[in-house]
Amino acid sequence: MTTGDQPPSRFWLSLYRRLASAYPHEFRMRFGEELDRMGEDAIPEVGRRYGAAGLARLLTDIALRLPAMYLLEMRQDAAYALRTLAKSPGFTAVAVLSVAIGIGMCSAFLSEIRSVTGPAAGIPDPEDLVTTREPVSYPYFERYREQPDLAGATAILGPAPFTVAFSPDRNVRAERFFGHLVSPEYFSTLGVEAAWGRVFDPRTEKPGMAPVVVVSERFWRAHLDADPQAVGRSLRLNGSMATIVGVAPKGFQGIWPGNPADLFVPVTCATALAPELAGDPLREPGRAIFRVVFRLAHGVSLPMAEASLNAATRNLDRDNGLGLHRDRGGKLVRLMPAGTVMYMRPEQRAVAEMLNVIVWALVLALVCANLANLLLARGSARRREIAIRLSVGASRFRLIRQFLTESVILSLAGAVLGVGFAYGMTAAISSLPVPSPVPVEYHCLPDFGVLVITMAIALAAGVGFGLAPALSSARVPIGPTLKAGAQAPLRGYRGFGLRNLFVICQMTASLMLLLVTWFLTLSYFKNANLDPGYETAHLNLFGLDPVRDGQSPADAAALFAALPAELSRVSGVRGVSLAGSVPFASEDIDSPNTHVSTSAGDGPRGQAVHAVFRDRVGAHYFATLGVPVLSGREFEQRDGLDESALPAIVNQTAARELFGGEDAIGRRVREGDQSYTVVGITRDMASGFMENKPVPSLFLPLTGDLFRRSPAESITVLVRSAPGSDAMAAARNQLASLHPGLTVFNMRTMREDLVRLNTFERWDAAICEVLGLFALLLASIGLGAVTAYAVAQRRKEIGIRMALGARGGQVQRLVLREGTALVGTGTALGLLGAYLLLRAMSASSALLERSLHQRFDDPLLVIGAPLLLAGLAMLACYLPARRATKIDPMSALWAD
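Calculation rules
Residues numbered from 1 in each chain as written. Predicted model: local features only at pLDDT ≥ 70, side-chain atom pairs only at ≥ 80, totals over all residues. Heavy atoms only, no water. Core = buried A, V, L, I, M, F, W, Y, C linked by side-chain atoms within 4.5 Å. Buried < 20%, exposed > 50% of the residue type's maximum accessible area, 1.4 Å probe, protein only. Helix = DSSP H or I, 4+ residues; strand = E, 2+ residues; numbered from the N terminus. Patch = residues over 30% accessible without salt bridge, like charges linked within 9 Å, V, L, I, M, F, W, Y side chains within 5 Å. Areas by Shrake-Rupley, 256 points an atom, 1.4 Å probe, with all protein chains shown as cover. Salt bridge = Lys/Arg side-chain N within 4 Å of Asp/Glu carboxyl O. Contact = heavy atoms within 4.5 Å. Phe/Tyr/Trp six-rings, centres within 6.5 Å; stacked < 30°, edge-to-face > 60°. Pairing = 2+ DSSP bridges. Axes fitted to C-alpha atoms, helices over the stretch in contact; angles between N-to-C directions. Parallel < 35°, antiparallel > 145°, perpendicular 65-115°, else oblique. Left-handed = near helix turned anticlockwise from the far one by under 90°. Nonpolar A, V, L, I, M, F, W, Y, C, P; charged D, E, K, R; others polar.

Visitor: Sorry if this is basic, but what is going on with the nonpolar core here?
Guide: Within soluble globular proteins, side chains that are nonpolar generally end up buried alongside one another. Formed by 46 residues in total, the largest nonpolar core has its most connected members in Tyr144, Leu181, Val215, Leu237, Leu263 and Phe294. For this core, the leading source of residues is strand E2 (residues 150-165), giving seven residues. Residues Met105, Ile358, Leu410 and Leu511 belong to the second largest nonpolar core, which totals 41 residues.

Visitor: In this structure, what is going on with a nonpolar patch on the surface? I would like to understand it.
Guide: Judged by side-chain polarity, Leu404, Val408 and Leu412 come together as a nonpolar surface patch covering roughly 210 Å² of accessible area. For Val408, the location among the structural elements is in helix H10 (residues 396-430).

Visitor: Hey, could you run me through the environment of Arg378 in this one?
Guide: Tracing the backbone shows Arg378 in helix H8 (residues 346-381). Aside from chain neighbours lying at most four places away, what touches Arg378 is Thr84, Leu85, Ser88, Phe91 and Glu406.

Visitor: Is there a simple way to think about the packing of aromatic side chains in this case?
Guide: Centre distance and the angle of the planes are the two values used to describe a pair of aromatic rings. Scanning all chains against the criterion turns up 16 aromatic pairs. Geometrically, the ring pair formed by Tyr144 and Phe294 is edge-to-face, given 6.1 Å between the ring centres and 65° between the ring planes. A residue pair is termed long-range when its members are at least 10 positions apart, and Tyr144 in helix H4 (residues 138-144) and Phe294 in strand E9 (residues 291-296) qualify at 150 residues. Assessed through its relative accessible area of 2%, Tyr144 is described here as buried.

Visitor: What's the story with the pattern of salt bridges in this structure? I'm lost.
Guide: Opposite charge on two side chains lets them pair, provided their charged atoms get close. Going through the model one piece at a time under the given rule, you end up with 14 salt bridges. A cluster of three or more residues bridged by salt bridges with shared partners is formed by Arg633, Glu636, Arg638 and Asp639.

Visitor: Quick question: what am I supposed to make of the pairing of strand E5 (residues 212-215) here?
Guide: Regular strands show a simple pattern: their side chains alternate between the two faces of the sheet. Going residue by residue along E5, you find Val212 and Val214 tucked away on one face and Val213 and Val215 tucked away on the opposite face as well. Taken together, the four bridges between E5 and strand E7 (residues 240-247) define a ladder with parallel strand orientation. Across the sheet, Val213 pairs through a bridge with Ile244, a residue of E7. Inspection of the sheet shows E5 paired to strand E8 (residues 263-266) by two bridges, in the antiparallel sense. Counterpart to Val215 in the pairing with E8 is Leu263.

Visitor: Whenever I open this one, the packing of helix H14 (residues 553-568) against helix H18 (residues 727-738) confuses me. Can you help?
Guide: Axis angle and axis distance: for two packed helices, these are the angle between their axes and the distance between the axes, and together they describe the pair. Interaxial distance between H14 and H18 falls to 10 Å at its minimum, and their mutual angle equals 130°. In terms of orientation, H14 lies oblique with respect to H18. In this structure, the crossing between H14 and H18 has a hand that is right-handed. Of the residues in H18, those touching H14 at Leu563, Glu566 and Leu567 are Ala731, Gln734, Leu735 and Leu738.

Visitor: Explanation requested: the packing of helix H3 (residues 89-117) against H10 in the structure shown.
Guide: Remark: H3 packs on H10, axes separated minimally by 7 Å, with the N-to-C direction vectors making an angle of 40°. Of the possible angle classes, the one that applies to H3 and H10 is oblique. The hand of the H3/H10 crossing is right-handed. Each residue belonging to the contact of H3 with H10 can be placed in one class, and the counts come to 19 nonpolar, eight polar and one charged.

Visitor: Could you clarify how one ought to interpret the pairing of strand E6 (residues 234-237) in this entry?
Guide: As defined by bridge partners, E2 adjoins E6 across two bridges and the pair is classed as antiparallel. Within E6, the position partnered with Val164 by the bridge is Leu237. Across four bridges, the pairing between E6 and E7 is antiparallel. In the strand pairing of E7, Ser234 is matched with Thr243.

So this is what it looks like as structure tokens:
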């Protein structure tokens, strides 16, 4: 070799040595010298015979073998980790289940709210859609859509029921479906194109045109047999023929798919097709019945759009002679996001998100704290193993890799099980029947983003705390550790160590979660057994909608006028009445459906405006329910005939709020331009679930106009039957004989209705119970693990004490002392945290205030819950302490 060849050879040899030194430590311990010697011999020879190309091939071969060696060792690490975890089945099961339950619960809870508040499928750029919080009249909408800040606007009326027959033959039985009455701009505003046919267009959908309908893809597939020639076919809707002009794209079921629409009908259709349009609301500025959805123009913010609409509303109010009805913020129009699965007001969304995020944070904190306790205790118990492996030549990097492998296996196993648990929980949530007179579909699937975030936090906690003992091995003195025995001194035992901090955090989070879930559970159980204020036994309900069965509005009004008398003649029927809505059906008592004022001189509050709940009921309604009229009289059949002079009945709460302590009989109540004379005061009764106080209610008689317009929920018929009689079967036969074309909907008992309404109450109570048990379990596991570790740490000390005459009780007190201090500290912090959390939640929402109406000074809650948690935690500490009394002093002294 010439002198000129030396520098290149040294360069290639240097590269070879760097690659060889990168091989795993264990491999180099066995073959390192041979590998180095082979390189010193091979590099000059290969360079002399094959030149730079041969040297490059040699080094490439060495480099390619490097990851293969690491993969081989990683496979060995995985096999060793599985054997190690299998030797500790209790620890492995607890760690995996902790991660799985935590990931599953957190993902399910957050996915539940995301499935409601998330963007609606099938609508481009849903974040640009906003809607009015209050209904709007159609003439106002027509002025709104001209605003330059808007890229589109549409008016929606619904959900609207349609009786659909697939044949023009009127003897063919019709089925009931729900849809939307929409302005012709509906699909263009949402940016939705037809899958087949066309959508509505303002140029073609005009008043007087032949009725048309767009059907959903689901309806087309399920009821039209996915017929590609379905466009152009006719359907009989509410007794009138309508032509199918288009099929909506797959997955699209309206602006709010939580309330799905299968049929879309333009508001320009005939009144016979849509009873809701009776009275020509398209030309009535004061008839605010439409929900308006806007698409904001590019660069326009929600406040800018509100300002523009407020200015337009002031001009419209002035032109139409209408009073300014401002909300609490002084605005005429308030907007809210519309591109969500369900229509939710911001405060409702905030409450739902707050509850789920709080639960998510507490559960995840419990999981992380529990993993920290388990993994740190296990890691510290393996310090002698670490020292032995280091003494026989293991590298610290290999130990770190080994611990990392074990942590990853634990975390991945928990993550996989957690994903399955999340899918199971969301499937159970989706299968729940929703208590609503109109269809509500609730498709809950684990949200991918939520799942990733939850898994990342849980996995990071597992990997991080699993690596902590290995990372600290760099400071492990091999000799002293081997002499000290299997356990090293417990750092922070008499001070405030890391493990004690995690135990206190776990106790605090457990108690907070336990108290919150206990409050909710007791409230749910109380609401589930809430007394509606009347006797529910033998009270039956069903719905009728003769207008949508094809009868004329006049015939429908005549039918309802005669119906109570017809059914009263049925054997076993004790009472019959009609109602515009189902009793006890209000799901949102935060939103009164009207505002009224007392006329001048009527009551001490004069013209003050009050929010009340208004119901339309028929004659003898309260007698049928069994609710006493405390003063005055009940409605009679003649009360709804003169719509210009209607009487009213108020409940006790409304009478007190409207008229103070004065007699309400004979007083007048004004609602807009309409006034009513109070003729009766009835006892308070429940208006809905999730409430703990009566709400002011105003009852008005059913009128012919309501019968003609036919509400979406249909008119509800209440039948009180005699015990032991089959009055409902007889009533159905009576209806079939007198009115053969009449369809009866939703026949059920009042108790069945209450059970259906309480489905979510019971489900939420069950979830809270599971969460509370989960909190107790994790807290007990964490404390038990730390106490067992402390006993193992002090085994030699305990042996010495017992050899010197210490009694079992003294040893138990010695072991329990630390656990008692940790439990006490965590309990105090948990009580304080739960108190502040519950106060903040109650103050943020009236709905939460009702849900959490249990007093915080209730001893069952503030004493029972901490005692239960502390008792289980101390039991978890007691079991290792009791085992400590069984330690043989001689074996403990000679064990190490």
